[in-house]
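A structural walkthrough
Take a look at the letters that make up each chain.
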Amino acid sequence: MRQITAMADRAAQRWATLGVGAALAAAGAFVVRFNPTDSVADPTGPCLWHTITGINGPGCGGTRMFYYLLHGDLVQAARHHLAALIAVPFVAYAGVRWVAAAWFGRDLPALRLSPRVYATYIAAFLLYSTVLRNLPWAPFAWFDIPNLTP
């Protein structure tokens, strides 16, 4: 009975990895199709946070960061959302670890970061994305994300 459960769980994990991969591919295709760096209105509309508050929020610039990351422009990706870009290698490794376990039965080493590291990252992410990017002087003004949608 244990082997049947393990096989069903592994099949579910494989389907889940395919689903996440398809969602990432669809998100990439959407971002490439509807260039978020131009001034043309996208089907998703303007950023709701930026529209309501007039300032950059935690997600502002994330789509543009993804766009520049897909095009290999790390400087512009960092400019548009540095805090999210820092997390990309860690999230990518977690995805590779998950795929290796589901498809190849390989258990890659887990990232063993202390809760203090996670708490520090979350605090820095919120400080950067809601305060520092909204400061009008250098070097913080370089990280300001203008609202491009008319």
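All of these numbers come straight from a predicted model, not from anything done at the bench.

For the chain, the mean per-residue pLDDT works out to 87, and 92% of the residues sit at or above 70. Predicted confidence for residues 1-5 stays below pLDDT 50, and this span has zero contacts to residues more than four positions away or in other chains.

This brings us to the packing of aromatic side chains. A ring pair, where both rings are aromatic, is described by two values, the distance of the centres and the angle of the planes. Under the criterion given, the structure shown has five aromatic pairs. Centroid distance Phe 30 to Phe 34: 4.9 Å. Interplanar angle 50°. Geometry classified as tilted. Overall, the relative accessible area of 25% leaves Phe 34 in the partly exposed class. Taking the centre distance of 5.1 Å and the plane angle of 80° together, the rings of Trp 142 and Phe 143 count as edge-to-face. Exposure remark for Phe 143: the relative accessible area of 16% places this residue in the buried category. Through a chain of ring-to-ring contacts, the aromatic side chains of Tyr 128, Trp 142 and Phe 143 assemble into a single cluster. It is Arg 33 that lies over the ring of Phe 34; its NZ or CZ is 4.6 Å from the centre.

The rules we used
Residues numbered from 1 in each chain as written. Predicted model: local features only at pLDDT ≥ 70, side-chain atom pairs only at ≥ 80, totals over all residues. Heavy atoms only, no water. pLDDT = per-residue confidence, 0-100. Contact = heavy atoms within 4.5 Å. Phe/Tyr/Trp six-rings, centres within 6.5 Å; stacked < 30°, edge-to-face > 60°. Buried < 20%, exposed > 50% of the residue type's maximum accessible area, 1.4 Å probe, protein only. Lys NZ or Arg CZ within 6 Å of the ring centre and 35° of its normal.

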